[in-house]
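# Fold and contact review
Okay, here's what each chain looks like letter by letter:
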Amino acid sequence: MEIIKAKTAGFCFGVDRAVKLTYELVEKGHKVATLGPLIHNPQCVADLESKGVITAGELSQVPKGYEVVIRSHGVPYDIYRQLEEGGFEYHDATCPFVAKIHRIAKKASDAGAVLLVAGDKNHPEVQGIVGHTDGECYVFADLDELKAWKGPKNSQSEIYVVAQTTFQVTKWAECTDFIKKDYTNAQIFDTICNATWARQQEAEDLSQRCDLMVVIGGHHSSNTQKLVRVAEKHTGAVTVETAAELQPEWFRGVKTVGVTAGASTPSSIIEEVLNSMSEEIREEQSFAELFAESEANLKPVFAGKIVEGTVTSITPNEVQVDIGTKHTGFVKLSELGDDPAAVLNTLKVGDTLDLVVEKVSDQDGVAYLSRKKLEERKGREEVAKAAEEGTVMEGTVTGTNKGGVMVQVKGVAVFVPRSQATMRRDEDINALVGQDVKLVITECAGRKIIGSINKVTAEANAAKREAFWNEVEEGKTYTGTVKSLTSYGAFVDVGGVDGLCHISELSWNRIKHPSEVVSVGDTIEVYVKALDRENQKVSLGFKKAEDNPWEKLRNEYPIGSTFTAPVVSITKFGAFVRILPGVDGLVHISEISNERVEKVSDVLKVGQEVNVKLLAVDFDKKRISLSMKALLEDEVEE
Ligand code: SF4
């Protein structure tokens, strides 16, 4: 017996997505309840239940603390309202193809149109669709039921026609032909899922060449039962849920048997059934594949192809796009860019996006796309061109590692070795993180892309140096950055050139180290004190003439003025008193008191505030004479 397995047998895109989501939640330790059996496959549902998943008939059966998974069939709008009002955490695994029908139903409702639904009124998917319109609605299972419809209550009403995603393709053709003749204003939306269509086409094709068709799937799965109906038009057809239901007598006298499976049949069960029957298994090239191949010749879609997609719907997890072929395009939010939330805020239905195809499933009629990868690709091309032409590029430093820093340039990661990241070895490369930098690409081979920030900095500095020496003159002021400190002064970058500000030029006061006045990284105002053009050396001044305490003394302390000031040091011949920061005057031992003073420390202490009179100032020698005695004499006179 020859066994031919249909290529399309097994999980479709929507079911696969819902099952994966649920298993992922369970693996992460979430408590999960599905609204109704997750898929029409008792074995898969039992496996999930053995892992703690609860199958709830309605929301009231969901225990506290459980997260709700909406299965691929979708639910009426009212359930979303109840989920929100009940404060449930939920995960929406409604198949995007079903969600699209919900949007059409809502549109019909908003437009006051009648919604005609081709499908089984007892099927949860159809109940979900009907639950998205508030207007007039009629569900028909076949042409007879459609003919029984009396038409819209208001003959002027618009008519929207949709189909359950698993509706039989041939019945849909009959029904829509009828609608087109009798209701010329009807808007018909072909919402039969490509996965369903492909499975039915292949089942039809295969059944014409086989003596028997075995359809694997849930006895309550509508798409499985539809496959049986399609197959039995041409040959004998049986359905099994598991290998245990296979009956040997079915195969008596059978030379060729075709095997297909419903969209909710796990591959493990298909394998099990095939192994039980197995003699010779041949993979069939399906009608869908042949069709896809011929179509691909006309309008190929393949991984790596750049396409333009028009946004048809936006959900919190993905964006659906029309790429002008039979495929429905999906872009995950994470593939829209580095900040997908920001992209979502500006994106709207009808916008066009440049995208690259990552993966195509002709069986399911879906294409997975990415904008991020396209940008990366374009960025890689630009970086390669810049490497060839030596163009300076801009990027952002994203992090450091043992060997250097990583820079993001046009979405491409460029490595800059430590020696090429900063001009000086003692500069901290961590300070570069988050900064925008200019760099050249020195090597670009596949994923190995290396750059240099130093080359650009060195060139820029050379240009700045030249400009500096062209326009510098003594007395000119600059805003500079303190680059380093030594015991004898501070080096200040005044535009590509580091000038030295000697320690004596930093403050009018006597200081022990430049760090008492400035720190590395400070931005300070300096002026050019002296230039050595031959050796390209610049001496800078920082302290300001107007802050010179001797000038202040000249202006604010006339001879004869009196004031109170602290004693800062005591010597054999007198005491020094601080008049201004950096300016001390001497009260000679003979000027301390009317009486004879033997030892200065007998009458004065460091820190003591004393009343003094300014007797004389020698500005050249920086000497000041003060007297305490003079004040006492003045008092006696008074
Ligand atoms: S059959 Fe189609 S519509 Fe239904 S879940 Fe699968 S992919 Fe979605």
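See the structure printed just above.
Residues numbered from 1 in each chain as written. Predicted model: local features only at pLDDT ≥ 70, side-chain atom pairs only at ≥ 80, totals over all residues. Heavy atoms only, no water.

## Description of the side chain of Ser-452
Cut-off, in case you're wondering: Helix and strand assignments come from DSSP, with helices taken as H or I runs of at least 4 residues and strands as E runs of at least 2, each series counted from the N terminus. We call a residue buried when its accessible area falls under 20% of the maximum for its residue type, exposed when it is over 50%, and partly exposed in between, using a 1.4 Å probe and counting protein chains only. Within 3.5 Å is the distance limit for a polar contact, defined as a pair of N or O atoms, with the added protein rule that one can donate a hydrogen and the other accept it, and that residues adjacent in sequence qualify only through two side-chain atoms. Contact criterion: two residues are considered in contact whenever any of their non-hydrogen atoms come within 4.5 Å of each other.
Looking at where Ser-452 falls in the secondary structure, it is placed in strand E23 (residues 448-452). Residue Ser-452 is classed as buried on the basis of its relative accessible area of 0%. Separated by 2.5 Å, the side chains of Ser-452 and Gln-420 make a polar contact. Here Asn-454 takes part through its backbone nitrogen, which lies 3.4 Å from a polar atom of the side chain of Ser-452. Non-local contacts of Ser-452, meaning those with residues more than four positions away in its chain, are made with Val-416, Gln-420, Leu-439, Val-440 and Thr-442.

## Brief notes about the site of the ligand
Note the threshold: Proximity criterion: a residue is near a molecule or strand once any of its heavy atoms comes within 4 Å of it. Under the scheme applied here, ten amino acids are nonpolar (Ala, Val, Leu, Ile, Met, Phe, Trp, Tyr, Cys and Pro), four are charged (Asp, Glu, Lys and Arg), and all others, including Gly, are polar.
All residues in the neighbourhood of the ligand are listed as Cys-12, Gly-14, Cys-95, Phe-97, Thr-165, Cys-193 and Thr-196. For the shell around the ligand, the per-class residue count stands at four nonpolar, three polar and no charged.

## Section: the pattern of salt bridges
Filter applied, for reference: A carboxyl oxygen of Asp or Glu within 4 Å of a side-chain nitrogen of Lys or Arg is what we treat as a salt bridge.
All chains considered together, the criterion is met by 19 salt bridges. With a shortest N-O distance of 3.4 Å, Asp-47 and Lys-51 are connected by a salt bridge. Assessed through its relative accessible area of 31%, Asp-47 is described here as partly exposed. What you see here is one network of salt bridges that share partners, running through Asp-78, Arg-81 and Glu-85.

## Let's talk about the nonpolar core
Inclusion rule: Definition used in this section: a nonpolar core is a set of buried Ala, Val, Leu, Ile, Met, Phe, Trp, Tyr and Cys residues joined via side-chain atoms within 4.5 Å.
The biggest cluster of nonpolar side chains holds 24 residues, and the ones touching the most others in it are Phe-13, Val-19, Val-32, Leu-38, Ile-39, Val-69 and Phe-97. Looking at this core, the elements that each hand over two or more residues are helix H1 (13-27), helix H2 (42-50) and helix H4 (96-111). Broken down by element, this core gets its largest block of residues, seven residues, from H1. Beyond its immediate stretch of four places on either side in the chain, Val-19 contacts Phe-11, Leu-38 and Ile-39. One finds Trp-550, Ala-575, Val-587 and Leu-614 within the second-largest nonpolar core, a separate group that totals 23 residues.

## Section: the packing of helix H8 (residues 194-207) against helix H9 (residues 222-231)
Short version of the rule: Axis geometry follows a simple rule: fit a line to the C-alpha atoms, using only the stretch in contact for helices, then measure angles between N-to-C directions, giving values from 0 to 180 degrees. Throughout, a crossing is termed right-handed when the near helix is turned clockwise from the far one, and left-handed when it is turned anticlockwise from it by less than a right angle.
Running from amino to carboxyl end, H8 crosses H9 at an angle of 35°, the nearest separation of the two axes being 8 Å. In this structure, H8 crosses over H9, and the sense of that crossing is right-handed. The segment H8 lies against H9, with Arg-199, Gln-200, Ala-203, Glu-204 and Ser-207 engaging Lys-226, Leu-227, Val-230 and Ala-231. By residue class, the composition of the contact of H8 with H9 is four nonpolar, two polar and three charged.

## Structural notes on helix H15 (residues 454-471)
Defined as follows: To estimate how far a helix should extend, the number of its residues minus one is multiplied by 1.5 Å.
An ideal rise of 1.5 Å per residue puts 26 Å on 18 residues; H15 measures up with 25 Å between its terminal C-alpha atoms. Those residues of H15 that sit buried are Asn-454, Val-456, Asn-461, Phe-468 and Trp-469.

## Brief notes about the packing of aromatic side chains
A ring pair, where both rings are aromatic, is described by two values, the distance of the centres and the angle of the planes. What counts, and what does not: Two rings belonging to Phe, Tyr or Trp (six-membered ring only in the last case) form a pair when the distance between their centres is within 6.5 Å. Interplanar angles under 30 degrees mark stacking, angles over 60 mark edge-to-face geometry, and anything in between is tilted. To sit over a ring, a charge needs its Lys NZ or Arg CZ within 6 Å of the ring centre and within 35 degrees of the ring normal.
Counted under the stated rule, the structure contains 14 aromatic pairs. Arranged with centres 5.6 Å apart and planes meeting at 45°, the rings of Tyr-160 and Phe-189 form a pair that is tilted. Placement of Tyr-160 in strand E8 (residues 159-163) and of Phe-189 in the loop between strand E9 (186-188) and H8 is noted, with a sequence separation of 29 residues between them. Between the aromatic rings of Trp-550 and Phe-619, the centroid separation amounts to 6.3 Å while the plane-to-plane angle is 80°, which identifies the pairing as edge-to-face. Placement of Trp-550 in helix H16 (residues 549-556) and of Phe-619 in the loop between strand E32 (609-618) and strand E33 (623-627) is noted, with a sequence separation of 69 residues between them. Exposure remark for Trp-550: the relative accessible area of 11% places this residue in the buried category. An aromatic cluster of at least three residues, connected via ring pairs, comprises Phe-13, Phe-97, Phe-330 and Tyr-368. Lying over the aromatic face of Phe-619, Arg-554 brings its terminal NZ or CZ to 4.1 Å of the ring centre. Positioned above the aromatic ring of Trp-550, the side-chain terminus of Lys-622 is 5.4 Å from the ring centre.

## Notes on the sheet that holds E33
Note the cut-off: Only strands that DSSP links by at least two bridges are regarded as paired with each other.
Pairing in this closed barrel of five strands is mixed, and the strands run E29-E30-E31-E33-E32 around the ring. The mean inter-strand angle of the sheet, taken between neighbouring strand axes irrespective of direction, is 50°. Pairing of strand E29 (residues 562-571) with E32, which is carried by five bridges, proceeds in the antiparallel orientation. Each residue of the ladder has a partner; that of Thr-564, found in E32, is Asn-611. Most of the contacts of helix H18 (residues 629-637) go to E32, to which it runs at about 105°, and overall it touches E29, E32 and E33.

## A few points about unusual backbone geometry
Of note, the phi angle at Lys-410 is positive, near 50°, even though the residue is not glycine. Note on placement: Lys-410 falls in the loop between strand E20 (404-409) and strand E21 (412-417). Of note in the backbone geometry, Gln-536 takes a positive phi value of approximately 55° without being a glycine. Structurally, Gln-536 is set in the loop between strand E27 (523-532) and strand E28 (537-541).

## Points about the pairing of strand E10 (residues 212-216)
Heads up, the rule is: The path from the first strand over the helix to the second decides the hand: if it runs clockwise while the strands point away from the viewer, the crossover is right-handed.
Here E10 lies mainly inside the structure; five of its five residues are buried. The sheet contact formed by E10 and strand E11 (residues 236-240) spans five bridges and is parallel. From the neighbouring strand, Met-213 faces E11, where its bridge partner is Ala-237. Taken together, E10, H9 and E11 form a β-α-β motif whose crossover is right-handed. For E10 and strand E12 (residues 256-261), the ladder comprises five bridges, and the chain directions are parallel. By the bridge assignment for E12, Leu-212 is matched with Val-257.

## Overview of the sheet that holds strand E4 (residues 67-70)
With respect to topology, four strands assemble into an open sheet ordered E3-E2-E4-E5, the strand pairing being parallel. Pairing within the sheet leaves two strands with one partner each, and these edge strands are strand E3 (54-56) and strand E5 (90-92). When strand polarity is set aside, the average angle formed by the axes of neighbouring strands in this sheet is 25°. Of the strands in this sheet, strand E2 (32-35), E4 and E5 are in contact with helix H3 (residues 77-85), which crosses E5 at around 155°.

## Brief notes about helix H7 (residues 169-182)
Within an α-helix, residues lying three or four positions from one another point in the same direction, as the helix has 3.6 residues per turn. Given a rise of 1.5 Å per residue, 14 residues ought to cover 20 Å, and the 20 Å separating the end C-alpha atoms of H7 matches this to within 8%. Every buried residue belonging to H7 is among Val-169, Trp-172, Cys-175, Thr-176, Phe-178 and Ile-179, and all of these are buried. Here the buried face of H7 lies against strand E6 (114-118), strand E7 (137-140), helix H6 (143-147), E8, E9 and H8.

## Looking at the environment of Gly-262
Turning to its location among the elements, Gly-262 is positioned in the loop between E12 and helix H10 (267-277). Residue classification places Gly-262 among the buried positions, given a relative accessible area of 0%. Distance from Gly-262 to Glu-546, taken between C-alpha atoms, is 92 Å for residues 284 residues apart in sequence.

## Let's talk about a negative patch on the surface
Note the following rule: For patches, a residue must show more than 30% relative accessible area and have no salt bridge; joins then use 9 Å for like charges and 5 Å for nonpolar side chains, namely Val, Leu, Ile, Met, Phe, Trp and Tyr. Accessible surface area values rest on a Shrake-Rupley calculation with a 1.4 Å probe, where residue burial reflects the displayed protein chains alone. Under this rule, positive means Lys or Arg and negative means Asp or Glu; His and the chain ends count for nothing. Charge positions are represented by NZ for Lys, CZ for Arg, CG for Asp and CD for Glu.
Where like charges cluster on the molecular surface, the negative patch consists of Asp-144, Glu-145, Glu-174 and Asp-177. Where the negative patch is concerned, the elements lending two or more residues are H6 and H7. Checked against the element boundaries, Glu-145 lands in helix H6. When its relative accessible area of 31% is taken as the criterion, Glu-145 is described as partly exposed.

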